[in-house]
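Structural features, examined
In case you want the letters, here they are:
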Number of protein chains: 2
Amino acid sequence: MRANKSKRAPSDRTVGRLTLYRRILNEIADDGVKHVHSHALALRAGATAAQVRRDLMVVGYEGTPRRGYGVAQLISALTSFLDEPGGQPVALVGIGNIGRSLLAYFVGRRPNLSIKAAFDVDPQKIGRVINGCRSFDLSELDREIEAQGIRVAILAVPASEAEQVARRLVDAGVVGILNFAPVALHTPPGIYVENVDVTMSLEKVAFFSRRKKARTAG
Amino acid sequence: MRANKSKRAPSDRTVGRLTLYRRILNEIADDGVKHVHSHALALRAGATAAQVRRDLMVVGYEGTPRRGYGVAQLISALTSFLDEPGGQPVALVGIGNIGRSLLAYFVGRRPNLSIKAAFDVDPQKIGRVINGCRSFDLSELDREIEAQGIRVAILAVPASEAEQVARRLVDAGVVGILNFAPVALHTPPGIYVENVDVTMSLEKVAFFSRRKKARTAG
DNA sequence: ATCACGCTGTGAATCATTTCACAATTAGAC
DNA sequence: GTCTAATTGTGAAATGATTCACAGCGTGAT
Ligand SMILES: NC(=O)c1ccc[n+]([C@@H]2O[C@H](COP(=O)([O-])OP(=O)(O)OC[C@H]3O[C@@H](n4cnc5c(N)ncnc54)[C@H](O)[C@@H]3O)[C@@H](O)[C@H]2O)c1
Ligand SMILES: NC(=O)c1ccc[n+]([C@@H]2O[C@H](COP(=O)([O-])OP(=O)(O)OC[C@H]3O[C@@H](n4cnc5c(N)ncnc54)[C@H](O)[C@@H]3O)[C@@H](O)[C@H]2O)c1
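Residues numbered from 1 in each chain as written. Chains lettered and ligands numbered in written order. Predicted model: local features only at pLDDT ≥ 70, side-chain atom pairs only at ≥ 80, totals over all residues. Heavy atoms only, no water.

1. Notes on the protein's contact with DNA strand C
All names here are of chain A. Of all residues adjacent to DNA strand C, which total 24 residues, the nearest are S38, R54, E62, G63 and Y69. Within 4 Å of the protein, the atoms of DNA strand C are drawn from sugar and phosphate moieties in a proportion of 60%. R53 places a polar side-chain atom, nitrogen or oxygen, 2.8 Å from a base nitrogen of DNA strand C. Within the backbone of G63, a nitrogen or oxygen atom sits 2.7 Å from a phosphate oxygen of DNA strand C. (Near = heavy atom within 4 Å. Polar contact = N/O pair within 3.5 Å; in protein donor to acceptor, adjacent residues only side chain to side chain.)

2. Brief notes about the protein's contact with DNA strand D
In the vicinity of DNA strand D there are 23 residues, among which S38(B), R54(B), E62(B), G63(B) and Y69(B) approach most closely. Contact distances for DNA strand D include 3.3 Å between a phosphate oxygen and a side-chain N or O atom of T48(A). Y69(B) has a polar side-chain atom sitting 2.6 Å from a phosphate oxygen of DNA strand D. Of all the secondary structure elements, the ones that give two or more residues to the surface near DNA strand D are α3 (49-56) of chain A together with α3 (49-56) of chain B. Looking at the surface near DNA strand D, the element that brings in the most residues is α3(A), giving 3 residues. Its residues assigned to classes, the surface near DNA strand D shows 4 nonpolar, 8 polar and 11 charged. (Helix = DSSP H or I, 4+ residues; strand = E, 2+ residues; numbered from the N terminus. Nonpolar A, V, L, I, M, F, W, Y, C, P; charged D, E, K, R; others polar.)

3. Notes on α3(B)
Residues and elements named next belong to chain B. Turning to α3, its buried residues number three or more, namely A49, V52, D55 and L56. One side of α3 holds all its buried residues, which, seen down the axis, span an arc of 130 degrees. In this structure, the buried side of α3 is in contact with α1 (12-30), α2 (38-45), β2 (69-70) and α4 (71-82). (Buried < 20%, exposed > 50% of the residue type's maximum accessible area, 1.4 Å probe, protein only. Arc of directions from axis to C-beta. Contact = heavy atoms within 4.5 Å.)

4. Some thoughts on the layout of surface pockets
The volume enclosed by the second largest pocket comes to roughly 1,000 Å³. Along the walls of the second largest pocket sit 39 residues, with Y105(A), R109(A), P158(B), A159(B) and P182(B) positioned nearest its centre. Breaking the lining of the second largest pocket down by element, the ones donating at least two residues are α1 (12-30) and α5 (97-106) of chain A together with α5 (97-106), β4 (115-120), α7 (159-172) and α8 (198-208) of chain B. Per-element tally for the lining of the second largest pocket: the top contributor is α1(A), with 5 residues. When its residues are assigned to classes, the lining of the second largest pocket shows 19 nonpolar, 9 polar and 11 charged. (1 Å grid on protein atoms, 1.4 Å probe; cavity = no way out; pocket = protein on both sides within 12 Å on 5 of 7 lines; lining within 4 Å. Points joined across faces, edges and corners; volume = space filled by probe spheres on them.)

5. Some thoughts on the interface of chain B and chain A
Of the residues lining the interface, 63 residues belong to chain B; the matching set on chain A comes to 63 residues. For the pair chain B and chain A, the two sides together bury roughly 5,600 Å², of which 62% comes from carbon and sulfur. When the buried area of chain B at its contact with chain A is split by residue, L202(B), E203(B) and R210(B) rank highest and sum to 12% of it. Inspection of the chain B/chain A interface yields 12 salt bridges. Between E84(A) and R210(B) there is a salt bridge; the shortest N-O distance is 3.4 Å. Inspection of the chain B/chain A interface yields 26 residue pairs in polar contact (both at pLDDT 80 or more). Considering every element that reaches the side of chain B that touches chain A, the biggest residue donor is α8(B), with 11 residues. (Buried area = accessible area lost by both parts, 1.4 Å probe. Salt bridge = Lys/Arg side-chain N within 4 Å of Asp/Glu carboxyl O.)

6. Some words on α4(B)
Between the first and last C-alpha of α4(B) there are 16 Å, a value that for 12 residues agrees with the 16 Å anticipated at 1.5 Å per step. Taken together, the buried positions of α4(B) are occupied by V71(B), L74(B), I75(B), A77(B), L78(B), F81(B) and L82(B). Projection of α4(B) onto a plane perpendicular to its axis shows the buried side chains occupying an angular sector of 165 degrees, all on one side. When the buried face of α4(B) is taken as reference, the exposed residues oriented beyond 90 degrees from it are A72(B) and S80(B). For α4(B), the secondary structure elements touched by its buried residues are α8 (198-208) of chain A together with α1, β1 (35-36), α2, α3 and β2 of chain B. (Expected span 1.5 Å × (residues − 1).)

7. Section: the domain arrangement of chain A
Along its sequence, chain A is organised into domain 1 (12-82) and domain 2 (88-200). Domain 1 of chain A and domain 2 of chain A are separated by 30 Å when their C-alpha centres are compared. (Domains from an automatic or database assignment.)

8. Observations regarding the site of ligand 1
Taken together, 24 residues lie near ligand 1, and I98(A), D120(A), K125(A), V157(A) and Y105(B) sit nearest. Residues lining ligand 1 come from chains A and B. A distance of 3.3 Å is found between an oxygen atom of ligand 1 and a backbone nitrogen or oxygen belonging to S101(B). One nitrogen or oxygen atom from the side chain of Y105(B) is found 2.9 Å from an oxygen atom belonging to ligand 1. Alone, ligand 1 offers 820 Å² of accessible surface; in the complex the protein occludes 85% of this. Looking at the shell around ligand 1, the elements with two or more residues in it are α5 and α7 (159-172) of chain A together with α5 of chain B. Grouping the amino acids of the shell around ligand 1 by side-chain chemistry returns 16 nonpolar, 4 polar and 4 charged. (Areas by Shrake-Rupley, 256 points an atom, 1.4 Å probe, with all protein chains shown as cover.)

9. Section: the pairing of strand β9 (residues 192-195) of chain A
Residues and elements named next belong to chain A. Residues Y192 and E194 line the buried face of β9, whereas the alternating positions V193 and N195 sit on a face that is not buried. Relative to β9, strand β8 (residues 176-179) runs parallel, the two being bridged by 4 bridges. Paired with G176 across the two strands is Y192, which belongs to β9. (Pairing = 2+ DSSP bridges.)

10. A few points about the environment of Q164(A)
For Q164(A), the position within the fold is in helix α7. In this structure the C-alpha to C-alpha distance between Q164(A) and H186(A), which are 22 residues apart in sequence, comes to 9.8 Å.

11. Structural notes on the packing of aromatic side chains
Two measures describe an aromatic ring pair: the distance that separates the ring centres and the angle between the ring planes. For the structure shown, the criterion picks out 12 aromatic pairs over all chains. Ring geometry for Y61(A) against Y69(A): centres 6.5 Å apart, planes inclined by 45 degrees, an arrangement best described as tilted. Judged by relative accessible area, which is 14%, Y61(A) ranks as buried. Among the aromatic residues, ring-to-ring pairing joins F81(A), Y192(A), F207(B) and F208(B) into one connected group. It is R109(B) that lies over the ring of Y105(B); its NZ or CZ is 3.8 Å from the centre. (Phe/Tyr/Trp six-rings, centres within 6.5 Å; stacked < 30°, edge-to-face > 60°. Lys NZ or Arg CZ within 6 Å of the ring centre and 35° of its normal.)

This is how it looks when you write it as structure tokens:
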């Protein structure tokens, strides 16, 4: 293993694909596979072999020619590159349809990123334990975030509330937000925001599905 | 209004932002605003003014200097650019946690893109009407897709099923898929696939939230 | 031992996207 | 009317991402 070349921070896109490679590697490790080539990884990841190799340059693990990458070694190199050693607790704000789906989905799935506190304003949803996660009133947000040292939050509140809740999160010490509300958050520099905009995604699909004749156009 | 310059197809990214601009325009139209500048749109969209103007080049509507864009006119130019006139029916496959959230969310929200049929393999979930949408057994997929002329589908089945279901969708005539399963689909050329990978998104946020000291590093 | 094959790592080239910068234009002031 | 200040549309430059292409090397064959 060679030391990280300490170039610039890896791009957003590269980090995303690295998480994908790790997921695939875990799957094929379960099948007992010991080595994998960039081409095989690329096929499963929907990328190209060159892209895989380029992405892997940042993690400080090199494969061997003809043999490829050791699955176990690459997983651990990716993990040490991607994960914070003690794990990163996550907060969820907004225990609605999406919020509950996410709570159910992430329970036990990524131990390093488990949702440790959920917040809402609806009295019916607070003071409970949902999928092993305690739910609190929004007024307890600052206290809990600080007490648990939470720096990552999922924002799943109505669009009209998103901006103000985001501000509270940042004030409480959160530096990364996964935002499901269809609005652009205006956060101070240094805060990383990733938007999941399902409506936009569906509209893109619809646009690129227009005017495609099933048969060659006549 | 000038005719579309018939350059290349607009990029994926541009189309996404155009849908965003339209959404914002609809919001500000409700507030009674009649004109808007590229700078104001950019602020709400989380983009730059130059980007907004560049994106709008493809839609065939020009603003006027000093006055900006007519809100109503730009909405209709965007709509005629983005939407298929009669609307595009959408199919949903997988009526689980995510699938049900989406059914609830999209009901009445975008009449041009309403979910017209849902499919599952669980007998408890078929033969019903959920949020105004009929649910069917997977075996009826081909028939319904063809009967309703559906070309856009949302795929919300377990990862292990996604590839085979995608193939069936494509065989039935679907040309665009919004995929929630965390796997890369291998579809024939000409099929547009948009992936929503929440786990990847969360891991990206977590990565870029690592090792950021709340106070300046000492 | 030696060799040939095929895979890796990466500089360079290509391709795509964003930003810059400014001529053209026009609303509004007077 | 004429002038001013501000905004648009877009060519060109800058930046960023992907792909190409190949030197170098280790593996497994013989
Ligand atoms: N459900 C979907 O499929 C879907 C799809 C696309 C986008 N979204 C977006 O995701 C977000 C959540 O959607 P949803 O369907 O889960 O909505 P929802 O109405 O089911 O849930 C929203 C939750 O947020 C809570 N809430 C309201 N204001 C709050 C505040 N200030 N602080 C904390 N909690 C607050 C509500 O009590 C509710 O429990 C919305 O912005 C929506 O636009 C959802
Ligand atoms: N729920 C989340 O928050 C979340 C987050 C990230 C990713 N995902 C992904 O989204 C997909 C759906 O997740 P979910 O939480 O809704 O799962 P889920 O288990 O709640 O629902 C899956 C549904 O698909 C149905 N199904 C199974 N095989 C099928 C087939 N061959 N054809 C049609 N239907 C079939 C099941 O009966 C079930 O109703 C999964 O791929 C999951 O990895 C979900």
